[in-house]
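Report on the structure
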Amino acid sequence: MPDTPWTIGRLLTWTTDFLGEKKADSPRLDAEVLLAHARGCRRIELYTAYEEVAEDSLRTTFRQLIRQRAEGMPVAYLVGFREFFSLPFLVTPEVLIPRPETELLVVRILDLAKSLKKGLTADGLTADGPLRIADIGTGSGVVAICCAKHLPDCQVTATDISESALEVTRKNIQRHEVASQIKLVQSDLFDQFPPAESQDAKKYHLIASN
């Protein structure tokens, strides 16, 4: 059908089939996310524009994204973000893409934090200060930032051996406005932690690592 116009709906259908042939795990979702990104809209808006004819410039941009996806580039790297715990996070090839299973780690931290509240004061502080959490190998910072967002009185020390990864974390911290709660340290595990003034200063109520 050479004269059939390339509508938004037709693009989605064709691309879903194409990515399915390339063994993509979620071809329809990939097609929707990449087309919405190329079009500069939300995924849901694709369906209100289903019969809209796609402009040549949109098709060219979309085609390039699909080619990269078919070659194995993850969707999150192509669009530059990934949703995690209902929050958007910048991701680049410098960090691992947050996986849905990691949300279980955040849930566990929040549950443990609740169990610690028996020892907290009315101000949400422990007997020796704020609830202190260490996030080892923070990557894009999703665990540290989700802790800070859901535990507004906690203080998080987030570490990573990669400065490039920490730069991604900094941008995500700024996006979610939790800079006052998170301290970044470039370190291999605990190797580069600042010297403690006392033994208690090196202790954390919770230590997490994905």
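Before any of the text, the structure's been laid out above.
Residues numbered from 1 in each chain as written. Predicted model: local features only at pLDDT ≥ 70, side-chain atom pairs only at ≥ 80, totals over all residues. Heavy atoms only, no water.

With respect to the pattern of salt bridges
A side chain with one charge can pair with a side chain of the opposite charge if their charged atoms come near. The tally for this structure, following the rule as stated, stands at nine salt bridges. Measuring nitrogen to oxygen at the nearest pair gives 3.0 Å for the salt bridge that ties Arg69 to Asp30. Here Arg69 is found in helix H4 (residues 56-70), whereas its partner Asp30 is found in helix H2 (residues 27-39), with 39 residues between them in sequence. Assessed through its relative accessible area of 17%, Arg69 is described here as buried. Between Glu163 and Arg170 there is a salt bridge whose closest N-O contact spans 2.7 Å. Salt bridges sharing partners connect three or more residues here, namely Arg28, Glu32 and Arg43. (Salt bridge = Lys/Arg side-chain N within 4 Å of Asp/Glu carboxyl O. Helix = DSSP H or I, 4+ residues; strand = E, 2+ residues; numbered from the N terminus. Buried < 20%, exposed > 50% of the residue type's maximum accessible area, 1.4 Å probe, protein only.)

Quick notes on the environment of Arg42
Structurally, Arg42 is set in the loop between H2 and helix H3 (45-48). For Arg42, a relative accessible area of 56% puts it in the exposed group.

Some details on the pairing of strand S2 (residues 87-90)
Burial along S2 is one-sided: Leu87 and Phe89 are buried, while Pro88 and Leu90, pointing the other way, are not. Relative to S2, strand S1 (residues 81-84) runs antiparallel, the two sharing four bridges. Within S2, the position partnered with Glu83 by the bridge is Pro88. (Pairing = 2+ DSSP bridges.)

Some details on the nonpolar core
Soluble, globular proteins show a tendency: their nonpolar side chains are buried together. Of all hydrophobic cores here, the largest spans 26 residues; its most connected members are Ile133 and Ile182. Elements with a minimum of two residues in this core: S2, helix H6 (102-116), helix H7 (142-150), strand S6 (155-160) and strand S8 (206-209). With seven residues, H7 is the single largest residue contributor to this core. Dropping the residues within four chain positions of it, Ile133 is found in contact with Ile109, Cys147, Leu151, Cys154, Gln155, Val156, Thr157, Tyr204 and Leu206. Residues Leu12, Ala31, Ala49 and Leu78 belong to the second largest nonpolar core, which totals 21 residues. (Core = buried A, V, L, I, M, F, W, Y, C linked by side-chain atoms within 4.5 Å. Contact = heavy atoms within 4.5 Å.)

Some remarks on unusual backbone geometry
With a phi close to 65°, Ser86 is a non-glycine residue in the positive phi region. Locating Ser86 in the fold gives a position in the loop between S1 and S2. Positive phi values are uncommon outside glycine, yet Glu177 reaches one of about 55°. Checked against the element boundaries, Glu177 lands in the loop between helix H8 (163-176) and strand S7 (182-186). For Glu177, a relative accessible area of 71% puts it in the exposed group.

Some points on the environment of Ala49
Within the secondary structure layout, Ala49 lies in the loop between H3 and H4. Overall, the relative accessible area of 6% leaves Ala49 in the buried class. When the C-alpha positions of Ala49 and Ile8 are compared, they lie 6.6 Å apart, and in sequence the two are 41 residues distant. With residues up to four places along the chain from it excluded, the contact list for Ala49 reads Ile8 and Arg39.

By themselves these figures say nothing about function.
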